Amino acid sequence: MPNASSWSASSPLLLLWEDSSGTRIFLSLLYAVLAISGTLSNVMVIYLVFSFKKLQTTSNAFIVNGCAADLSVCALWMPQEAVLGLLPPNSSSLRSAEYRLLRGGLLGLGLTVSLASHLLVAFNRYVLITKLPSVYQALYQRRHTGCMIGLSWALALLPVPLLPGLWTLGSAQSDGSSRYTALLLALAVLGQTALLLHCYLGIVRRVRGSAKRVSVLNFHLLHQLPFPAAPPPPRRAQRRLSSVSVLLLCCVFLLGTQPLVWVSLLGFFLRPAPPALQAASWLLLCSLSALNPLLYTWR
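- You'll find the protein chain entered in an unreviewed UniProt entry as GPR88 protein, with Certhia familiaris given as the organism.
- Word for word, the UniProt comment on the protein chain under Subcellular location (unreviewed entry) is "Membrane".

The following block contains the structure:
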C-alpha cells in the first residue's frame, strides 16, 4: 500500500490509489451515477424556472444560480473523475499538472458558487419572512439581485490560484501553503454554515411565533361570534411540515460540508487525516451538487 505522499502525487482529488482496482471501479461508478442524476436534476430545475413565468422569482434566481454552478461539478468534473478512475495509477493524465489544475478549477468554482448560492437563498428567505415588505423590495430589486449573483462568481474566481495546494492535503511532505489553504477552506465553509443556520433557525422561530399569535387571536374571535364558525385550518400540521423541511435541508447540508471542515482542521492543528477519510469528506461535499435541486424543490 502506498504512503500518503504517493497517494496525493499520483491520484485524482477524490480517487484513492489502490493495489486492487475494485475500489477505483466502485468510485468511478458512483461518480457516474452522481454525474447523470445531478446533471438531469439541475437541468430540469433551470428549464422549469425559465419556462414558467410564475416561477421566475428572486429566490428561484438564486436557486438557478446554484444549479448552474452545480452543473460545472456534475456535468464537467464528475465525468472526468469517473473516467480517470478506470485508468492505471501511473497514467500520464493523472500526473499532468495543467490537467489537474483544470479539474481543480472546475471543482473549486462550482462548489464555491454553489455554497454562496445556499447562503443567498437562505438570506433571501430570511429577509422575506422576518422583515417588512418594503425592506425586502428595496433590497431585492432586479439590479441588486443581478449584482449578488455576479459577485458570487467573481468571489469564486479569487481562490482559484490556491487550488493546487488542495492536491497535497493528504501528503506528509506537503508544505505549509497547502495546510493554510485547507485552514482557509475550513474556516470559509464553517462561517458560511453558521450564517445559513442563523437564517433558517430565525425563519423557524418567526413562523412559529406568528402562527402562535394568529391561533390566540382566532380563539378570542371565534368565541365572540353569534354563530358557529368553521374549524380553523390545521396550522400545527403546517408548522410541523415547515419545520421538518428546514430541518431536513440543514441536516443534509451539515452532513455534506462538516466532515471536510473538521478533517481540514484536524490536518492543520494535529496531524493529517487518513487518505480514505479525506476522500470520503470530499465526496460528501461534492455529492451536494447532485442533491441541491432535490432539497430546494421538495415540498
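1. Considering the packing of aromatic side chains
Okay, step 1: In this structure the tally under the stated criterion is three aromatic pairs.
Okay, step 2: Between tyrosine 31 and tryptophan 77, the aromatic rings sit 6.2 Å apart at their centres with planes inclined by 70 degrees, giving edge-to-face as the arrangement. Here the residue tyrosine 31 occupies a position in helix α2 (residues 22-51), and tryptophan 77 occupies one in helix α3 (residues 58-84), the gap between them amounting to 46 residues. Across the pair, tryptophan 77 and tyrosine 31 agree in class, each one buried.
Okay, step 3: Each ring, one from phenylalanine 62 and one from tyrosine 140, has its centre 6.1 Å from the other, and the planes form 70 degrees; the classification is edge-to-face. Taken together, the residues span a long stretch of sequence, with phenylalanine 62 in helix α3 and tyrosine 140 in the loop between α6 (133-139) and α7 (142-157) at a distance of 78 residues.
Okay, step 4: Members of the aromatic cluster, joined through ring pairs, are Phe62, Tyr136 and Tyr140.

2. Details of the side chain of glutamine 258
Okay, step 1: Within the secondary structure, glutamine 258 is located in helix α9 (residues 235-269).
Okay, step 2: Excluding anything up to four places from it in sequence, glutamine 258 contacts Leu190 and Thr193.

3. Concerning the UniProt feature "transmembrane region" (unreviewed entry) in the protein chain
Okay, step 1: Mapped onto the present numbering, the UniProt feature "transmembrane region" (unreviewed entry) falls at residues 25-50, 62-80, 100-123, 144-162, 182-203, 244-270 and 276-298.
Okay, step 2: For residues 182-203, the helix share is 100%, the strand share is 0%, and the end-to-end C-alpha distance is 32 Å.
Okay, step 3: Secondary structure content for residues 244-270 is 96% helix and 0% strand, and the end C-alpha separation is 37 Å.

4. Brief notes about a nonpolar patch on the surface
Okay, step 1: Where nonpolar side chains cluster on the molecular surface, the patch consists of Met44, Tyr47, Leu48, Phe52 and Leu55 and spans about 480 Å² of accessible area.
Okay, step 2: With respect to the helices, strands and loops of the structure, tyrosine 47 is situated in helix α2.
Okay, step 3: Under the relative-accessibility criterion, tyrosine 47 is labelled exposed at 53%.

5. Concerning the nonpolar core
Okay, step 1: Judged by nonpolar contacts, the single largest core of 53 residues is most densely connected at Trp77, Met78, Leu107, Leu111, Tyr200 and Tyr296.
Okay, step 2: Every element with two or more residues in this core is listed here: α2, α3, α5 (97-130), α8 (176-224), α9 and α10 (275-297).
Okay, step 3: Those residues in contact with tyrosine 200 that sit more than four places away from it in its chain are Val121, Ala122, Arg125, Val246, Leu249, Cys250 and Tyr296.

Scoring rules and cut-offs
- Residues take numbers from 1 onward in each chain, read along the sequence in its written order.
- Residue-level local features of this predicted model are given only where pLDDT is at least 70; pairs of side-chain atoms are given and counted only at 80 or more, and the full residue set underlies all totals for whole chains, interfaces and linings.
- Side-chain calculation: all heavy atoms of the structure are included, whereas hydrogens and water are not.
- UniProt positions are given in the numbering used here, feature names are shortened, and annotations may be inferred rather than shown by experiment.
- Here the aromatic set is Phe, Tyr and Trp, taking the six-membered ring for Trp, and pairing holds for ring centres within 6.5 Å; pairs whose planes are under 30 degrees apart are stacked, those over 60 apart are edge-to-face, and all others are tilted.
- Numbering of helices and strands starts at the N terminus; helices are DSSP runs of H or I of at least 4 residues and strands are runs of E of at least 2.
- Summary of the burial criterion: residues with accessible area below 20% of their type's maximum are buried, those above 50% are exposed, and those between are partly exposed, where the area comes from a 1.4 Å probe applied to protein chains only.
- When checking whether two residues touch, look at their non-hydrogen atoms; a contact exists if any pair is within 4.5 Å.
- Exposure above 30% relative accessible area and no salt bridge define the residues that can form patches, which grow by joining like charges within 9 Å and nonpolar side chains of Val, Leu, Ile, Met, Phe, Trp and Tyr within 5 Å.
- Using a 1.4 Å probe, the Shrake-Rupley method yields the accessible areas, and only the shown protein chains count as cover for residues.
- Any carboxyl oxygen of Asp or Glu that lies within 4 Å of a side-chain nitrogen of Lys or Arg is treated as forming a salt bridge with it.
- The definition of a nonpolar core used throughout is a set of buried Ala, Val, Leu, Ile, Met, Phe, Trp, Tyr and Cys residues joined through side-chain atoms within 4.5 Å.

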